[in-house]
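For reference, the chains in residue letters:
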Amino acid sequence: MQVAVFSTKSYDRQFLTHANQKYRHQLNFLEPHLTKDTCKLGFCFPAICVFVNDILDGQVLGLLSEHGTRLIALRCAGFNNVDMSAAKQLGITVARVPAYSPHGVAEHAVALMLALNRKIYRAYNRVHDGNFSLEGLLGFELHGKTVGIMGTGKIGLALARIMRGFGMEVLAYDTRPNPECESLGVRYVPKDELYAYSDIISLHLPLMRETYRIINKEALDSMKTGVMLINTSRGGLIHSSCLIDGLKSGKIGYLGLDVYEEEEGLFFEDLSGQVILDDIFARLLSFPNVLITSHQAFFTDTALENIAGTTLSNIFDFESGKINPQNVVG
Ligand code: NAD
């Protein structure tokens, strides 16, 4: 099938090209993000392949549909960037990769926790500067502490397993409790209880209307003073400007972000020679207890192989009229 692959980076090209030896689609790699201004690059392609920060609102989908697009193949699990009601009205199928490596994302959440907790990023710079003092590097042990996991699907479950291995008490919040989590000894509680008792809170909910800015001022007010907040899910789960007040007041003791509300145009790009125009983001970078990675939790060799394989098989199955319903959104 003819596919326009938007937001292509070198690693997308590498893994998709390799996986395509089996499918032989015609992959047209395009570097720009998909927006209303770039969507003409996708005209006349029956399949459009996109990533997390491509914009698939009603206008873009309408234009693509007018020019023959029938399939949107997401190279990711989340689909919050797609106007699903517009896709449905236009008869465009949206396929995703529901699971490519939940372990990779869960492990990255743990990497953020440990780096923050033991101030590894500060220690690294200090030692390279010949400063071997321990002043200011005091950490705390995870063993015996309580972690609150919000969203216990595939990633939340993988994290719960790791956290139990650390000897932590695990509280969880989810509209659909996961029996596998319960069998690990995870206790489901209402979210206010999770906020009140957790030393660390890690977000693994999808971004939807119901979860948009679920972490806001009110939620932060109900958390323990000095809480560690980790977000490897989607930036929109947190009202970013509340983070500044939370960090200034000491309510948030540690903040680990792999995603950011306004990450589009920032993350995945080398902006090292440019001024950052987002004042909230720039202020967040100035705190010594904030660690930000640029949406790299998924970025492992296993995940990229799985993403490429499932994306191309979704396209192949769609063309053959037998797409796996579990990979279809909506
Ligand atoms: P999943 O669908 O397996 O699990 C999501 C869980 O959230 C489910 O258990 C569901 O019941 C629960 N949930 C949904 N709506 C809820 C609500 N309103 N209130 C409470 N619980 C609710 O998803 P997953 O594979 O674990 O992924 C979670 C999220 O992680 C994805 O949606 C995606 O946004 C994000 N993600 C980020 C990266 C990254 O690189 N940073 C990579 C993959 C996924």
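Bear in mind that the values here come from a model prediction, so they are computed numbers and not experimental data.

Engineer: Could you give an account of the overall build of the protein chain, naming the residues involved and the relevant values?
Structural biologist: Scanning the protein chain from terminus to terminus reveals 12 helices and 12 strands. Taking 20 Å as the expected radius of gyration for a compact globule of 330 residues, we find that the protein chain reaches 21 Å, a close match to that expectation. The dimensions of the protein chain, computed from C-alpha atoms along their principal axes, are 60 × 50 × 35 Å. Within the protein chain, the proportion of its 330 residues that are buried is 52%. Summarising the internal contacts of the protein chain: among those between residues at least 6 apart in sequence, 66% fall at separations of at least 24. Accessible area of the protein chain: about 15800 Å², with a carbon and sulfur share of 52%.

Engineer: I'd like a rundown of the site of the ligand, residues and numbers included.
Structural biologist: In the vicinity of the ligand, 24 residues are found, and the nearest of them are Y100, K154, I155, D174 and T232. Within the contact set of the ligand, an oxygen atom lies 3.3 Å away from a side-chain nitrogen or oxygen of S233. The residue makeup of the shell around the ligand, split by class, is 9 nonpolar, 9 polar and 6 charged.

Engineer: Just give me the short version of the pattern of salt bridges, but keep the residues and values in it.
Structural biologist: A complete count under the given rule lists 10 salt bridges for this structure. Of the charged contacts, one joins K217 and D221 as a salt bridge, the two residues approaching to 2.8 Å between their closest N and O atoms. Note that K217 and D221 are positioned in helix α9 (residues 217-221) at a spacing of 4 residues, about one turn of the helix. By relative accessible area, which is 54% here, K217 ends up exposed. Overall, the relative accessible area of 46% leaves D221 in the partly exposed class. Taken together, the salt bridges that share partners define one network made up of E169, R187 and E193.

Engineer: Quick one: what's the story with the packing of helix α1 (residues 10-23) against helix α12 (residues 301-319), residue by residue and with numbers?
Structural biologist: Contact geometry for α1 and α12: axes closest at 9 Å, N-to-C directions at 50°. Overall, the two elements α1 and α12 adopt an arrangement that is oblique. Seen from above, α1 lies across α12 with right-handed handedness. For the pair α1 and α12, contact is made by Y11, F15, L16, A19, N20 and Y23 and by D301, L304, E305, A308, G309, L312, S313 and F316, respectively. Within the contact of α1 with α12, the residues separate by chemical class into 9 nonpolar, 3 polar and 2 charged.

Engineer: Which residues make up the domain arrangement of the protein chain, and what values do they have?
Structural biologist: Domain parsing of the protein chain yields domain 1 (2-100 + 300-327) and domain 2 (102-292). Domain 1 and domain 2 are separated by 30 Å when their C-alpha centres are compared. Here domain 1 packs against domain 2, burying approximately 1000 Å² in sum over the two surfaces, 55% of which is carbon and sulfur. Connecting domain 1 to domain 2 are 1 salt bridge. Where K9 meets E269, a salt bridge forms, and the shortest distance between an N and an O atom there is 3.3 Å. Considering only residue class, the side of domain 1 that touches domain 2 consists of 7 nonpolar, 5 polar and 1 charged.

Reading guide: rules and limits
- Residues numbered from 1 in each chain as written.
- Predicted model: local features only at pLDDT ≥ 70, side-chain atom pairs only at ≥ 80, totals over all residues.
- Heavy atoms only, no water.
- Helix = DSSP H or I, 4+ residues; strand = E, 2+ residues; numbered from the N terminus.
- Rg over C-alpha atoms; globule rule 2.2 N^0.38 Å.
- Buried < 20%, exposed > 50% of the residue type's maximum accessible area, 1.4 Å probe, protein only.
- Contact = heavy atoms within 4.5 Å.
- Areas by Shrake-Rupley, 256 points an atom, 1.4 Å probe, with all protein chains shown as cover.
- Near = heavy atom within 4 Å.
- Polar contact = N/O pair within 3.5 Å; in protein donor to acceptor, adjacent residues only side chain to side chain.
- Nonpolar A, V, L, I, M, F, W, Y, C, P; charged D, E, K, R; others polar.
- Salt bridge = Lys/Arg side-chain N within 4 Å of Asp/Glu carboxyl O.
- Axes fitted to C-alpha atoms, helices over the stretch in contact; angles between N-to-C directions.
- Parallel < 35°, antiparallel > 145°, perpendicular 65-115°, else oblique.
- Left-handed = near helix turned anticlockwise from the far one by under 90°.
- Domains from an automatic or database assignment.
- Buried area = accessible area lost by both parts, 1.4 Å probe.

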